[in-house]
Amino acid sequence: MNPRLAALLAALLLAQPALAQPALMQSRGEEREAAQEAYGAGNFAEAGAILRRLLEKAPADADLLRRLANVQAAQDDLAGAQETIERALALAPADLDVQLARANILAWRGRAGDARAQADAIALAQPDYPGLADAQNFIARQQQARSIRLFSAGIGAGISRVEFPGGSGDTWTMASGAIAASLTPAVRAVLEVEHERRALSDTRLALRADMLRQTSGSLFISGSVTPSPDFRESWSVGVGGEEALGTQSTLLLDGRYAAYRGDDVFVARLGVRQTLGKSLALSARTINLFGGGEGYRLGGAVRLDSISDEGPLWFVSAASYPDTEAGDTRQLDAFGAGLSLPVSPRMRLRLGSDYERRDDSYSRLTVALGLGWTFGQR
């Protein structure tokens, strides 16, 4: 072979990796941008898939790990996000972007003290680092919110005109009070007391705790007890939650077991809430009752709510479902409407009315009035 040709071929072969490297780096850069675009658009599954593919080729890339940790946090996998960001920090302990992501993830997990320590370390290195001030403010709010804090209270009263088969009637009255408090940054609880007077009377105590998640969803647990009940349940327990199906739809699911003097029942409700434009939300649920003497019964309910941050609020509802009182389950048809009016920035007046009819039992028309207060930021 010509010596000059052999030298040229050798030079080309040696140059190929160097020529390929910029193209490879450009491709990976484009994939990072694609992952960031998917993350910004809320397509967290796609963003995570892209980042994991990149990490297979570069498992020691701290920036990729940081981005993946942010995706995991957005998917409410805070434990996984914590593990990923710790790997990134071990690879790049001086990287302030990694440290800032770690501070935010710690705060989201409720570890405000550790988050504050990480933010202080960033401030020591670069006090004006982009995003640090927002993280510090969020951590401060988390620390403040860790104490139990009352954020709302309300009272209400109602009167019902009741008609029985045969033409006889009666008047029933009811009164209620409720307080709501933040137990932790992610847990809120509501305690409610209801007293209803008929020919006999019952006083019911109910407690519900809502656990707010990082994404647009929540879980709750609930319970109630009625000392010496006449028509209410002796006790009950429930669990449920909401999960966003998109920007306009939310899945609704809950179940409740209630013990009565005559029988026990389990009620499962499955539904969807759909936002209609910017001012309305429509909810529809199936109501499934097990027990109550007949095994299984099915019903449903729909409700239309107005949406407003500060102005008047209203709702209308209709339902037909199996309902249990005093251990006796009957089909109930109901129609209701309500209005909530702002009296002041922290007080609302609530007005409501509903009509219900039970098969082979009574019908009643109820009018209710209530006042609600909020304290500080909810």
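All figures in this text were calculated on a predicted structure; none of them were measured in a lab.

## Side note on the overall build of the protein chain
Next up, step 1: When you go through the protein chain residue by residue, the secondary structure sums to 7 helices and 14 strands.
Next up, step 2: Burial status across the protein chain gives 34% buried among its 378 residues.
Next up, step 3: Of the contacts formed within the protein chain by residues at least 6 apart in sequence, a portion of 42% connects residues at least 24 apart.
Next up, step 4: Carbon together with sulfur atoms contributes 59% to the accessible area of the protein chain, which is approximately 20,900 Å² in total.

## So, the packing of aromatic side chains
Next up, step 1: According to the stated counting rule, one finds 7 aromatic pairs in the structure shown.
Next up, step 2: An angle of 40° between the planes, with centres 5.7 Å apart, marks the rings of W235 and Y257 as tilted. Here W235 is found in strand β6 (residues 235-244), whereas its partner Y257 is found in strand β7 (residues 249-259), with 22 residues between them in sequence.
Next up, step 3: Taking the relative accessible area as the measure of exposure, W235 reaches 39% and is therefore partly exposed.
Next up, step 4: Among the aromatic residues, those joined into a cluster by ring pairs are F164, W172 and Y362.
Next up, step 5: Above the face of the F220 ring, R208 is positioned so that its terminal group lies 3.8 Å from the ring centre.
Next up, step 6: Across the ring face of F315, the terminal group of R303 is positioned such that the distance to the ring centre comes to 3.9 Å.

## Overview of helix α4 (residues 78-91)
Next up, step 1: For α4, which comprises 14 residues, the first-to-last C-alpha distance of 20 Å matches the rise-based estimate of 20 Å (1.5 Å per residue) to within 8%.
Next up, step 2: When we look at burial in α4, the residues that qualify are L78, G80, A81, Q82, T84, I85, A88 and L89.
Next up, step 3: In the core, the buried residues of α4 are packed alongside α3 (62-74), α5 (96-108) and α6 (112-125).

## Topic: the pairing of strand β12 (residues 328-344)
Next up, step 1: Across 13 bridges, strand β11 (residues 313-325) lies against β12 in antiparallel orientation. Within the sheet, the bridge partner assigned to A319 lies in β12 and is A334.
Next up, step 2: Adjacent in sequence and paired antiparallel, β11 and β12 are bridged by 2 residues, among which A326 carries a positive phi angle near 55°.
Next up, step 3: One ladder, built from 12 bridges, connects β12 with strand β13 (residues 347-358); its direction is antiparallel. Bridged to F335 within β13 is Y355.
Next up, step 4: As consecutive antiparallel partners, β12 and β13 are separated by 2 residues.

## Observations regarding the environment of P93
Next up, step 1: With respect to the helices and strands, the residue P93 is situated in the loop between α4 and α5.
Next up, step 2: Residues P93 and A62, spaced 31 residues apart in sequence, show a C-alpha to C-alpha distance of 9.5 Å.

## Some details on the pairing of strand β9 (residues 280-291)
Next up, step 1: Taken together, the 12 bridges between strand β8 (residues 264-276) and β9 define a ladder with antiparallel strand orientation. Residue V267 lies in a different strand from β9, and its bridge partner there is L289.
Next up, step 2: Here β8 folds back onto β9, and the loop between the two strands holds 3 residues, one of which, G277, carries a positive phi near 70°.
Next up, step 3: As defined by bridge partners, β9 adjoins strand β10 (residues 296-306) across 11 bridges and the pair is classed as antiparallel. For N288, the partnering residue across the bridge sits in β10 and is L298.
Next up, step 4: Linking β9 to β10, which pair antiparallel, is a turn of 4 residues; within it G292 sits at a positive phi near 70°.

## Focus on the packing of α4 against α5
Next up, step 1: Put simply, α4 and α5 touch, their axes get as near as 10 Å, and they point 155° apart. Between α4 and α5, the interaxial angle falls into the category roughly antiparallel. The hand of the α4/α5 crossing is left-handed. Judged by residue contacts, L78, A81, Q82, I85, E86, A88 and L89 of α4 engage V98, Q99, A101, R102, I105, L106 and W108 from α5.
Next up, step 2: A per-class count over the contact of α4 with α5 returns 10 nonpolar, 2 polar and 2 charged.

## Description of the nonpolar core
Next up, step 1: Counting residues in each nonpolar core, the largest one holds 24 residues, and the members touching the most others are L51, L64, I85, A88 and I105.
Next up, step 2: Put simply, the parts of the chain that give this core at least two residues each are α1 (3-40), α2 (44-57), α3, α4 and α5.
Next up, step 3: A per-element tally of this core places α3 first, with 7 residues.
Next up, step 4: Ignoring anything within four residues of it in the chain, the contact list for I85 reads R66, A69, V98, A101, R102 and I105.
Next up, step 5: Core analysis: the second largest hydrophobic core is formed by 11 residues, A107, A115, Y129 and A135 among them.

## Re the confidence of the model for the protein chain
Next up, step 1: Per-residue confidence for the protein chain averages 87 on the pLDDT scale, and 89% of its residues sit at or above 70.
Next up, step 2: Scored below 50 in pLDDT, residues 5-25 makes 2 contacts in the model with residues more than four places away or belonging to other chains.

## Some details on the pattern of salt bridges
Next up, step 1: The final tally for this structure, using the stated rule, is 27 salt bridges.
Next up, step 2: Measuring nitrogen to oxygen at the nearest pair gives 2.6 Å for the salt bridge that ties R204 to E233. Pair noted here: R204 is in strand β4 (residues 201-212) and E233 is in the loop between β5 (217-225) and β6, with a separation of 29 residues, a long-range link.
Next up, step 3: Judged by its relative accessible area of 3%, E233 is buried.
Next up, step 4: E233 serves as the salt-bridge partner of R256, at 3.0 Å between the closest nitrogen and oxygen. In this pair, R256 is assigned in strand β7 and E233 in the loop between β5 and β6, connecting sequence segments 23 residues apart.
Next up, step 5: For R256, a relative accessible area of 28% corresponds to the partly exposed category.

What counts and how
- Residues numbered from 1 in each chain as written.
- Predicted model: local features only at pLDDT ≥ 70, side-chain atom pairs only at ≥ 80, totals over all residues.
- Heavy atoms only, no water.
- Helix = DSSP H or I, 4+ residues; strand = E, 2+ residues; numbered from the N terminus.
- Buried < 20%, exposed > 50% of the residue type's maximum accessible area, 1.4 Å probe, protein only.
- Contact = heavy atoms within 4.5 Å.
- Areas by Shrake-Rupley, 256 points an atom, 1.4 Å probe, with all protein chains shown as cover.
- Phe/Tyr/Trp six-rings, centres within 6.5 Å; stacked < 30°, edge-to-face > 60°.
- Lys NZ or Arg CZ within 6 Å of the ring centre and 35° of its normal.
- Expected span 1.5 Å × (residues − 1).
- Pairing = 2+ DSSP bridges.
- Axes fitted to C-alpha atoms, helices over the stretch in contact; angles between N-to-C directions.
- Parallel < 35°, antiparallel > 145°, perpendicular 65-115°, else oblique.
- Left-handed = near helix turned anticlockwise from the far one by under 90°.
- Nonpolar A, V, L, I, M, F, W, Y, C, P; charged D, E, K, R; others polar.
- Core = buried A, V, L, I, M, F, W, Y, C linked by side-chain atoms within 4.5 Å.
- pLDDT = per-residue confidence, 0-100.
- Salt bridge = Lys/Arg side-chain N within 4 Å of Asp/Glu carboxyl O.

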